[in-house]
Amino acid sequence: MKKQVVVIGLGRFGSSVCQELYKMGHEVLAIDSNMERVDANRDHSSHAVIANATDESELKALGVRNFDNAIVAIGDDLQASVLCTLMLKEIGVSKVWVKARDLQHQKILEKVGADRVIQPEYEMGVRVAHHMDSEKIIDY
Ligand code: ATP
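Residues numbered from 1 in each chain as written. Predicted model: local features only at pLDDT ≥ 70, side-chain atom pairs only at ≥ 80, totals over all residues. Heavy atoms only, no water.

Per an unreviewed UniProt entry, the chain carries the name Trk system potassium uptake protein TrkA and comes from Planococcus koreensis.

S.K.: Now, about helix α4 (residues 78–91): what can you tell me, with residues and values included?
M.R.: Here α4 contains 14 residues, and its C-alpha end-to-end distance of 20 Å stays within 8% of the 20 Å for a straight helix at 1.5 Å per residue. Every buried residue of α4 is accounted for by A80, S81, V82, C84, T85, M87, L88 and I91. Looking one or two residues beyond α4, the residue adopting positive phi is G92, at roughly 110°. (Helix = DSSP H or I, 4+ residues; strand = E, 2+ residues; numbered from the N terminus. Expected span 1.5 Å × (residues − 1). Buried < 20%, exposed > 50% of the residue type's maximum accessible area, 1.4 Å probe, protein only.)

S.K.: Tell me about the packing of α4 against helix α5 (residues 103–111), and please be specific about residues and values.
M.R.: Where α4 contacts α5, the axes come no closer than 9 Å and their chain directions differ by 20°. Judged on the interaxial angle alone, α5 and α4 are roughly parallel. Crossing angle aside, the handedness with which α4 passes α5 is right-handed. Only H105, I108 and L109 of α5 make contact with α4, whose side of the interface consists of L78, S81, V82 and T85. Per-class residue counts for the contact of α4 with α5 are four nonpolar, three polar and no charged. (Axes fitted to C-alpha atoms, helices over the stretch in contact; angles between N-to-C directions. Parallel < 35°, antiparallel > 145°, perpendicular 65-115°, else oblique. Left-handed = near helix turned anticlockwise from the far one by under 90°. Contact = heavy atoms within 4.5 Å. Nonpolar A, V, L, I, M, F, W, Y, C, P; charged D, E, K, R; others polar.)

S.K.: Could you give an account of the site of the ligand, naming the residues involved and the relevant values?
M.R.: Lining the immediate environment of the ligand, one finds 18 residues, of which R12, F13, D32, R37 and G75 sit closest. In this structure, a nitrogen atom belonging to the ligand sits 2.9 Å away from a main-chain N or O atom of A53. Taking K99, its side chain carries an N or O atom lying 3.1 Å from an oxygen atom of the ligand. Starting from 630 Å² of accessible surface for the ligand in isolation, the protein chains cover 83%. (Near = heavy atom within 4 Å. Polar contact = N/O pair within 3.5 Å; in protein donor to acceptor, adjacent residues only side chain to side chain. Areas by Shrake-Rupley, 256 points an atom, 1.4 Å probe, with all protein chains shown as cover.)

S.K.: I'd like a rundown of a nonpolar patch on the surface, residues and numbers included.
M.R.: Side chains of M124, V128 and M132 sit close together on the surface and give an oily, nonpolar patch of about 310 Å² of accessible area. Its place among the elements puts V128 in helix α6 (residues 120–139). (Patch = residues over 30% accessible without salt bridge, like charges linked within 9 Å, V, L, I, M, F, W, Y side chains within 5 Å. Salt bridge = Lys/Arg side-chain N within 4 Å of Asp/Glu carboxyl O.)

S.K.: So what's going on with the nonpolar core? Which residues, and what values?
M.R.: Within soluble globular proteins, side chains that are nonpolar generally end up buried alongside one another. Formed by 25 residues in total, the largest nonpolar core has its most connected members in V6, I8, I31, L59, V64 and L88. Examining the composition of this core, we find that six residues originate from one element, α4, more than from any other. Every residue in contact with I8, bar those within four places of it in the chain, is listed here: I31, A53, L59, I71, V72, A73, I74, C84 and L88. Counting 14 residues, the second-largest nonpolar core is a separate cluster that includes V17, L21, A30 and A48. (Core = buried A, V, L, I, M, F, W, Y, C linked by side-chain atoms within 4.5 Å.)

S.K.: A description of the state of the cysteines should follow, citing residues and the corresponding values.
M.R.: As enumerated under the stated definition, the model contains zero disulfides in all. The thiol of C18 is not disulfide-bonded; the next cysteine sulfur, from C84, is found 15 Å away. Judged by relative accessible area, which is 0%, C18 ranks as buried. The class for C84 is buried, based on a relative accessible area of 0%. (Disulfide = S-S within 2.5 Å.)

Quick look at the structure:
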């Protein structure tokens, strides 16, 4: 079923989530405060817009309340990531998935209502270790 997803923050992580969901046929609204990043995702999303995701009135004007799913992919600016997550939950987005840079960031995000928190580097590291571990059996 086609989903409506808003992706906020178009770094490597956010843009790969955005582009992949769009390729799968979902409706994706891509948001970033940086014009170049928005331009780079224009052809790989349903709509790509420049906006400050910590400004509640901007999020409301973009119709974010009509989206059931959101990905907050702002890792470095902890305050922006937390504020944006809180606002999306208050606006009424039912599933808000958020990228965290470490465990402390993850705990704060869980307290403000994030439905799922992802630590990409940590989770990928664990997966790679498991892949390497299973290779051992194949090699043997
Ligand atoms: P990645 O590790 O995914 O490559 P990154 O290293 O570029 O990300 P991040 O700090 O995680 O850096 O930021 C991701 C994106 O979020 C950037 O493109 C940045 O412009 C955007 N961003 C940061 N703050 C805001 C904000 N308040 N509103 C909208 N976009 C923002």
